[in-house]
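# Notes for the structure review
These are the residues of each chain, in order.
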Amino acid sequence: MSGRVIFCNPQNSLWLFSPLSSSSSIKSKTTYIKNVFLNRRNLLSFSPKPSSSSSSALFCCCSSSSSDGGAQSITPADPFILTTPLYYVNAPPHMGSAYTTIAADAIARFQRLLGKKVIFITGTDEHGEKIATAAAASGSTPIEHCNNISQAYKFLWKDLDIAYDKFIRTTDSSHEEIVKEFYARVLASGDIYRADYEGLYCVGCEEYKDEKELLENSCCPMHLKPCEARKEDNYFFALSKYQKSLEEVLAHNPDFIQPSYRLNEVQSWVKSGLRDFSISRASVDWGIPVPTDEKQTIYVWFDALLGYVSALSQEEEKPTLQHAISSGWPASLHLIGKDILRFHAVYWPAMLMSAGLSLPKMVFGHGFLTKDGMKMGKSLGNTLEPKDLVLRFGSDAVRYFFLREVELGNDGDYSEERFINIVNAHLANTIGNLLNRTLGLLKKNCNSTLIVDSVTAAEGSALKDTVEKLVRTAKDHYENLSLSLACEAVLEIGNAGNLYMDERAPWSLFKKGGDASEAAAKDLVVILEVVRIIAVALAPVTPSLCSRIYSQLGYSNDQFEAITWSETRWGGLKGRQVMAQAIPIFARIEIIKEEENGGETPKKAVKDKKQKQKPKPKPQVAVEAQG
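Residues numbered from 1 in each chain as written. Predicted model: local features only at pLDDT ≥ 70, side-chain atom pairs only at ≥ 80, totals over all residues. Heavy atoms only, no water.

If you check an unreviewed UniProt entry, the protein appears there as methionine--tRNA ligase from Papaver somniferum. The UniProt entry for the protein carries this comment under Catalytic activity (unreviewed entry): "tRNA(Met) + L-methionine + ATP = L-methionyl-tRNA(Met) + AMP + diphosphate". Of the comments in the UniProt record for the protein, the one headed Sequence similarities (unreviewed entry) reads "Belongs to the class-I aminoacyl-tRNA synthetase family." (UniProt positions renumbered as here; feature names shortened; annotations may be inferred.)

## A short note on the overall build of the protein
A tally of helices and strands in the protein yields 20 helices and 20 strands. Intrachain contacts of the protein at a sequence separation of at least 6 include 78% that bridge at least 24 residues. Total accessible area on the protein is roughly 26000 Å²; 50% of this is exposed by carbon and sulfur atoms. (Helix = DSSP H or I, 4+ residues; strand = E, 2+ residues; numbered from the N terminus. Contact = heavy atoms within 4.5 Å. Areas by Shrake-Rupley, 256 points an atom, 1.4 Å probe, with all protein chains shown as cover.)

## Topic: the pattern of salt bridges
Counted under the stated rule, the structure contains 23 salt bridges. Arg399 is paired through a salt bridge with Asp105; the nearest N and O atoms lie 2.8 Å apart. You can see Arg399 sitting in helix α12 (residues 395–405) and its partner Asp105 sitting in helix α1 (residues 95–113), a full 294 residues away along the chain. Judged on exposure class, the residue Arg399 and its partner Asp105 are both buried. In this structure, Arg504 and Asp523 form a salt bridge, with 2.9 Å as the shortest nitrogen-oxygen distance. Note that Arg504 is positioned in helix α16 (residues 483–504) and Asp523 in helix α18 (residues 514–537), a separation of 19 residues in sequence. The class of Arg504 is partly exposed, set by a relative accessible area of 36%. (Salt bridge = Lys/Arg side-chain N within 4 Å of Asp/Glu carboxyl O. Buried < 20%, exposed > 50% of the residue type's maximum accessible area, 1.4 Å probe, protein only.)

## Thoughts on the nonpolar core
Among the nonpolar cores identified, the biggest contains 176 residues, and Phe182 and Phe402 are the most heavily contacted of them. Here this core gets 15 residues from one element, more than from any other, and that element is α18. Setting aside chain neighbours within four positions, we find Phe182 in contact with Phe302, Leu306, Leu321, Met351, Leu352, Ala355 and Leu357. Core analysis: the second largest hydrophobic core is formed by six residues, Leu200, Cys202, Cys205 and Leu214 among them. (Core = buried A, V, L, I, M, F, W, Y, C linked by side-chain atoms within 4.5 Å.)

## Some points on empty space enclosed by the protein
What the rule picks out here adds up to one cavity of 30 Å³ or more. Here the largest cavity is characterised by a volume of approximately 60 Å³. Gly128, Tyr201, Glu206, Arg281, Val284, Trp286, Gly287, Thr297, Ile298, Tyr299 and Val300 are the residues that line the largest cavity. Residues that form the lining of the largest cavity fall into these classes: six nonpolar, three polar and two charged. (1 Å grid on protein atoms, 1.4 Å probe; cavity = no way out; pocket = protein on both sides within 12 Å on 5 of 7 lines; lining within 4 Å. Points joined across faces, edges and corners; volume = space filled by probe spheres on them. Nonpolar A, V, L, I, M, F, W, Y, C, P; charged D, E, K, R; others polar.)

## A short note on the sheet that holds strand β13 (residues 293–298)
Pairing within the open sheet is antiparallel, and its three strands lie in the order β11-β13-β12. For this open sheet the edge positions go to β11 (280–281) and β12 (289–290), each flanked by a neighbour on one side alone. The sheet contact formed by β12 and β13 spans two bridges and is antiparallel. Each residue of the ladder has a partner; that of Pro289, found in β13, is Thr297. (Pairing = 2+ DSSP bridges.)

## Brief notes about the packing of aromatic side chains
Two numbers describe a pair of aromatic rings. These are the distance of the centres and the angle of the planes. For the coordinates displayed, the defined rule picks out 26 aromatic pairs. On the numbers, 4.8 Å between centres and 20 degrees between planes, the contact of Phe110 with Tyr478 is stacked. Taken together, the residues span a long stretch of sequence, with Phe110 in helix α1 and Tyr478 in helix α15 (residues 463–479) at a distance of 368 residues. Relative to Tyr347, the ring of Phe343 lies with its centre 5.0 Å away and its plane at 80 degrees, an arrangement referred to as edge-to-face. Here Tyr347 and Phe343 lie together in helix α10 (residues 341–355), a separation of four residues that amounts to about one turn. Tyr347 carries the same exposure label as Phe343, and that label is buried. Each residue in the set Phe182, Tyr183, Phe237, Tyr242, Phe277, Trp301, Phe302, Phe343 and Tyr347 is aromatic and connected to the rest through ring pairs, giving one cluster. (Phe/Tyr/Trp six-rings, centres within 6.5 Å; stacked < 30°, edge-to-face > 60°.)

## Remarks on the packing of helix α2 (residues 129–137) against helix α3 (residues 142–159)
Close contact between α2 and α3 brings their axes to 8 Å; oriented N to C, the two are set at 90 degrees. Overall, the two elements α2 and α3 adopt an arrangement that is roughly perpendicular. Counted together, Ile131, Ala132, Ala134 and Ala135 of α2 and Pro142, His145 and Cys146 of α3 form the full contact between these two elements. Taken together, the residues that form the contact of α2 with α3 break down as six nonpolar, one polar and no charged. (Axes fitted to C-alpha atoms, helices over the stretch in contact; angles between N-to-C directions. Parallel < 35°, antiparallel > 145°, perpendicular 65-115°, else oblique.)

## Quick look at the environment of Asn498
Looking at the element boundaries, Asn498 is found in helix α16. Since its relative accessible area comes to 7%, Asn498 is described here as buried. In the structure, Asn498 is positioned 67 residues away from Ile431 in sequence and 8.6 Å away in space, judged by C-alpha atoms. Apart from residues lying up to four places away in sequence, Asn498 is in contact with Thr430, Leu434 and Arg437.

## Some thoughts on the sheet that holds strand β6 (residues 192–202)
The strand order across the open sheet built from four strands is β7-β6-β8-β10, with neighbouring strands paired in antiparallel fashion. If you trace the sheet from one side to the other, it starts and ends with β7 (207–209) and β10 (277–278), each paired once. The pairing of strand β8 (residues 228–237) with β10 spans two bridges and is classified as antiparallel. Pairing of Phe236 across the sheet is with Ser278, part of β10.

## What about α3?
The terminal C-alpha atoms of α3 lie 26 Å apart, and with 18 residues this matches the ideal 26 Å at 1.5 Å per residue to within 8%. Turning to α3, its buried residues are His145, Cys146, Ile149, Ser150, Tyr153, Leu156 and Trp157. Take α3 and look down its axis: the buried residues cluster within an arc of 120 degrees, on one side only. Turned more than 90 degrees away from the buried face of α3, the exposed residues are Asn148, Phe155 and Lys158. In this structure, the buried residues of α3 make contact with β3 (80–88), α1, β4 (118–125), α2, β5 (166–169) and α11 (386–393). (Expected span 1.5 Å × (residues − 1). Arc of directions from axis to C-beta.)

## Section: unusual backbone geometry
Between Gln258 and the following residue, Pro259, the backbone shows a cis peptide bond with an omega angle of -5 degrees. Structurally, the position occupied by Pro259 is in the loop between β9 (257–258) and α6 (260–271). A positive phi angle, near 60 degrees, is found at Asn217, a position not held by glycine. Positionally, Asn217 belongs in the loop between β7 and β8. The exposed category is assigned to Asn217, whose relative accessible area is 62%. A positive phi angle, close to 60 degrees, is found at Ser218, a residue other than glycine. By the secondary structure assignment, Ser218 is in the loop between β7 and β8.

This is the structure we're talking about:
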């Protein structure tokens with residue numbers, strides 16, 4: 001949903017800020033959260049809320065030192081709670097929601113490699129007028145529609161190797177109980193009141209619009225349909241009372257909103273003046289009833305944002321706000337699209353303050369995806385279906401391309417030709433072919449058995465130092481949420497391994513016999529250690545591919561599932577370890593073009609100009625891509 005403007009009865013002076021221009025495309029190197037938000041008071045108490053002019057309205061502060069005032073440092077036992085948005089089920093999942101979830105999954109997998117307890121939350125937002133309308137159009141009831149679309153998300157996440165811990169649906173009874181309890185807390189704080197609500201309403205956006213932002217005939221600029229004139233008697237949240245508190249949070253916690261240019265946007269919105277907004281709908285039946293007024297339902301955002309908390313509820317416990325909070329709140333990271341930044345960076349913090357709860361530690365707003373340089377849409381006929389991409393190219397290719405080619409935070413573009421060239425050059429050639437030809441030489445000359453451990457094999461080699469340096473670089477990028485740069489660092493490890501292979505030419509050394517043959521056998525151990533380290537370092541991005549690498553190195557699936565980041569240290573391979581049969585772990589993808597005579601013929605992929613040119617590896621048979 002986009003930002004909204006609400007017109008109300010003049011005596012109430014209630015409306016929301018108008019949407020501002022989109023963010024710049026400045027390239028960001030995001031600083032990952034190194035500081036944490038710490039409570040200056042017991043935020044679970046119902047103490048009176050400070051006035052907007054009070055400096056004590058800052059509910060959370062950022063501390064880089066445990067000695068800062070009574071600040072309490074996050075301990076290793078604290079879980080890393082990561083969330084995607086709860087996706088709106090008016091339509092099946094699209095590439096935008098898939099991209100967010102792929103990125104969140106990579107972050108979660110990296111944190112698990114560090115040994116953290118991770119709670120990765122995703123789910124679906126299932127209430128509101130638009131859902132009821134979509135259900136009616138398909139000839140189903142709202143809950144039947146929600147069940148079908150929610151299941152489609154789960155199927156897609158499985159296809160994309162998304163390892164979430166919690167999947168929350170806003171139609172879950174436990175979620176409804178927590179929303180009602182949260183509403184009661186905000187009401188007890190004196191921040192909910194009743195007032196008239198009037199304006200031009202867009203059903204597609206589920207929001208009231210400012211006439212200034214509309215097109216001719218009061219059409220919504222996003223949905224290109226006329227808005228409806230509506231007047232309702234609704235309940236409002238006193239957002240304006242948190243003006244000063246939000247200003248202080250943003251000023252004292254620069255890492256709260258990332259990337260930095262998103263923080264600038266949010267600060268601009270807040271400084272322009274916050275207005276109260278409606279948190280109920282009198283004309284919408286499909287939603288959670290307002291606890292104090294069964295004739296109205298709770299506004300979808302006031303409902304859905306609570307999913308991040310209700311997801312923490314334990315099944316064996318009675319669903320209460322306290323039980324959910326005690327499972328690890330606050331969230332470490334909300335990963336969202338920039339179009340819903342205001343709801344997460346302005347509404348949500350104020351709502352949490354009103355209920356006496358801690359703020360999340362970071363809200364990260366990523367960019368949009370385009371296709372061939374154009375905005376995607378059904379009317380343009382250029383939608384990009386994630387399910388189709390996975391079926392054609394496999395999950396590893398899809399995950400790698402979007403995480404490698406789209407810098408998290410910036411907008412990114414998809415073109416099929418570039419997609420194929422990137423995954424061919426990086427996964428099939430640089431990594432896959434390196435493993436395949438090394439195992440082939442090992443089988444031919446060493447009976448697939450390592451003659452020494454990798455530490456001994458690397459004595460006197462500069463490659464070990466190069467790899468260790470690149471591993472540290474990759475780790476820093478993962479921690480800074482720079483997933484594209486992390487992929488680049490891991491790819492450089494592969495480039496270094498290929499260069500070593502071509503410079504050492506072990507196939508020639510084996511032919512010489514004697515000491516040269518022994519040196520060649522050690523070289524193969526060195527190269528396979530490089531590939532093993534790649535399998536650990538790239539596992540957050542391409543888990544299935546890396547599992548296949550580990551399998552060919554003679555490890556079991558259980559051993560791969562148990563790896564930690566510490567295993568990127570040089571020295572994993574041991575002497576007498578037996579490697580598996582060499583099977584291409586990632587087959588090249590071919591672009592098929594139509595011939596004039598109606599036949600089809602493979603078309604060579606265009607070289608990736610960004611990729612550094614290395615000596616060509618041995619040719620590999622072109623077959624269909626495999627997952």
